[in-house]
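For reference, the chains in residue letters:
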Amino acid sequence: MDGKRKPLISANWKMNHNHFEAIQAVQKLSYLLSAADHEAVDVSVHPPFTDLRSVQTVLQSDEIPVLLGAQDCHWEASGAFTGEVSPAMLAKLDVSHVIVGHSERRQLFGEVDQVVNVKVKAVIAEGMTPIMCCGESLEEREAGTTDSRVASQVRAGLAGLTPEQISSMVIAYEPIWAIGTGKVATPEDAQSVCATIRRVVREDSGTAAADAVRIQYGGSVKPVSAPDLMRQPDIDGALVGGASLDPEEFARIIAYRLVG
Ligand code: 13P
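Because the structure is predicted, anything quoted here is derived from the model rather than measured.

Q: Which parts of the structure should I look at to understand helix H3 (residues 52–61)?
A: Residues spaced three or four apart along an α-helix point in a common direction, a consequence of the helix completing one turn every 3.6 residues. Those residues of H3 that sit buried are Leu52, Ser54, Val55, Gln56, Val58 and Leu59. The inward-facing, buried residues of H3 abut helix H1 (19–32), strand E2 (42–46), strand E3 (67–70) and helix H4 (87–92).

Q: For this particular structure, what's the right way to read the pairing of strand E8 (residues 237–240)?
A: Taken residue by residue, a regular strand's side chains alternate between the two faces of the sheet. Judged by which residues are buried, E8 turns out to be covered on both faces: Gly237 and Leu239 on one side and Ala238 and Val240 on the other are all buried. Note that strand E1 (residues 8–12) and E8 share four bridges and pair parallel. Bridged to isoleucine 9 within E8 is alanine 238. Of the pairings in the sheet, the one linking strand E7 (residues 214–218) to E8 comprises two bridges and is parallel in character. When the bridges of E8 are listed, tyrosine 217 appears paired with alanine 238.

Q: What is the right way to read the packing of helix H8 (residues 146–158) against helix H10 (residues 187–205) from this model?
A: For any two helices packed against each other, the geometry comes down to the angle between their axes and how far apart the axes lie. Two elements in contact, H8 and H10, have axes whose closest approach is 10 Å; the angle formed by their N-to-C orientations is 45°. Our classification of the angle between H8 and H10 gives oblique. Once H8 is placed against H10, the crossing between them reads as right-handed. Contacts between H8 and H10 pair Thr146, Asp147, Val150, Ala151, Val154, Arg155 and Leu158 from the former with Val193, Thr196, Ile197, Val200, Val201, Glu203 and Asp204 from the latter. By residue class, the composition of the contact of H8 with H10 is eight nonpolar, two polar and four charged.

Q: Can you walk me through the sheet that holds E1 in this structure?
A: Within a beta sheet, neighbouring strands are joined by backbone hydrogen bonds and run either parallel or antiparallel to one another. Taken together, eight strands build a closed barrel; the order of strands is E1-E2-E3-E4-E5-E6-E7-E8 and the barrel is parallel. Each adjacent strand pair in this sheet contributes to an overall mean axis angle of 25°, direction not counted. Relative to the sheet, H10 contacts strand E5 (129–134), strand E6 (170–173) and E7, its axis offset from that of E6 by approximately 145°. On the sheet, helix H13 (residues 247–254) packs against E1, E2 and E8 and is oriented at approximately 160° with respect to E1.

Q: Got a minute to help me understand the site of the ligand in this structure?
A: Near the ligand you find Asn12, Lys14, His102, Glu174, Ala178, Ile179, Gly180, Gly219, Ser220, Leu239, Gly241 and Gly242, and these make up its full shell. For the ligand, an oxygen atom lies 2.9 Å from a polar atom in the side chain of glutamate 174. One of the backbone nitrogen or oxygen atoms of glycine 242 is found 2.8 Å away from an oxygen atom of the ligand. For the ligand, the accessible surface in isolation is 310 Å², of which the surrounding protein chains cover 96%. Of the residues that constitute the shell around the ligand, the class distribution is three nonpolar, seven polar and two charged.

Q: How should the environment of isoleucine 166 be read in this particular structure?
A: Position of isoleucine 166 relative to the elements: it lies in helix H9 (residues 163–167). Each C-alpha atom of the pair isoleucine 166 and alanine 208 lies 9.6 Å from the other, and the pair is 42 residues apart in sequence. Isoleucine 166 has contacts with Leu158, Leu161, Val201, Ser205, Ala209 and Val213, leaving out every residue within four places of it along the chain.

Q: I would appreciate a short explanation of the state of the cysteines in the present structure.
A: Any covalent bond linking the sulfur atoms of two cysteines counts as a disulfide. By the definition in use, this model includes zero disulfides. For cysteine 73, which is in no disulfide, the shortest distance to another cysteine sulfur is to cysteine 133 and amounts to 12 Å. You can see cysteine 133 has no disulfide; the closest cysteine sulfur is in cysteine 134, sitting 7.5 Å from it. You can call cysteine 133 buried: its relative accessible area is 2%.

About the cut-offs
- Residues numbered from 1 in each chain as written.
- Predicted model: local features only at pLDDT ≥ 70, side-chain atom pairs only at ≥ 80, totals over all residues.
- Heavy atoms only, no water.
- Buried < 20%, exposed > 50% of the residue type's maximum accessible area, 1.4 Å probe, protein only.
- Helix = DSSP H or I, 4+ residues; strand = E, 2+ residues; numbered from the N terminus.
- Contact = heavy atoms within 4.5 Å.
- Pairing = 2+ DSSP bridges.
- Axes fitted to C-alpha atoms, helices over the stretch in contact; angles between N-to-C directions.
- Parallel < 35°, antiparallel > 145°, perpendicular 65-115°, else oblique.
- Left-handed = near helix turned anticlockwise from the far one by under 90°.
- Nonpolar A, V, L, I, M, F, W, Y, C, P; charged D, E, K, R; others polar.
- Near = heavy atom within 4 Å.
- Polar contact = N/O pair within 3.5 Å; in protein donor to acceptor, adjacent residues only side chain to side chain.
- Areas by Shrake-Rupley, 256 points an atom, 1.4 Å probe, with all protein chains shown as cover.
- Disulfide = S-S within 2.5 Å.

In structure tokens form, the structure reads like this:
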């Protein structure tokens with residue numbers, strides 16, 4: 001582990017896999033992962049809400065050491081919010097990690113930094129771990145504002161949290177132009193922005209939080225690109241979309257350390 005944090009590799013299935021397909025996918029994945037994989041890497045799967053109960057049951061009954069995750073949640077515990085799912089409901093299903101502020105939520109559903117911040121707090125209040133996403137658009141990258149954009153998203157998303165809370169969190173750097181496009185960031189570019197994120201955490205919340213917080217890279221991660229990304233000092237994992245839908249491809253990403 002060369003002194004780094006234990007990596008977390010997460011499968012964001014987005015709006016894919018009904019509950020039958022989800023069960024098959026986690027069972028297949030569990031056959032493909034070895035005890036050594038689980039020792040080296042934490043793995044989470046984030047199915048759609050409708051699959052959570054089924055996947056929870058399989059993970060428990062087959063004693064599969066994969067963490068259960070969700071893709072989003074509301075910030076209130078209950079109430080008149082038609083169509084929403086609360087953090088308390090997710091916690092009850094043994095969900096441990098919740099993706100918050102994914103760029104698809106920000107771009108397609110108007111989620112702003114302040115909403116991301118209250119969701120992060122609500123997830124922590126229920127004893128779960130937020131995976132808080134940030135990342136620049138292509139226009140922002142071309143305008144040279146990547147670092148300032150990401151720094152402001154991170155500062156807004158973490159506002160009001162204690163260093164201890166931040167220490168156990170996950171931040172996912174996902175450049176929007178790399179999501180679902182096949183255009184993966186170079187390991188150097190991804191490392192540079194992840195280092196910026198860690199510097200921001202250090203400046204605002206201290207060295208202990210900066211050293212402990214796990215930072216994932218996401219955006220067209222594939223088995224071929226994972227090893228070089230994961231070798232970077234400030235990259236502690238991956239948030240994988242498309243390639244996580246195929247258990248074999250996802251398992252090869254998790255086994256990145258066996259390559260080269
Ligand atoms: P892709 O891996 O399909 O580019 O998706 C990345 C992502 O958005 C994960 O949250």
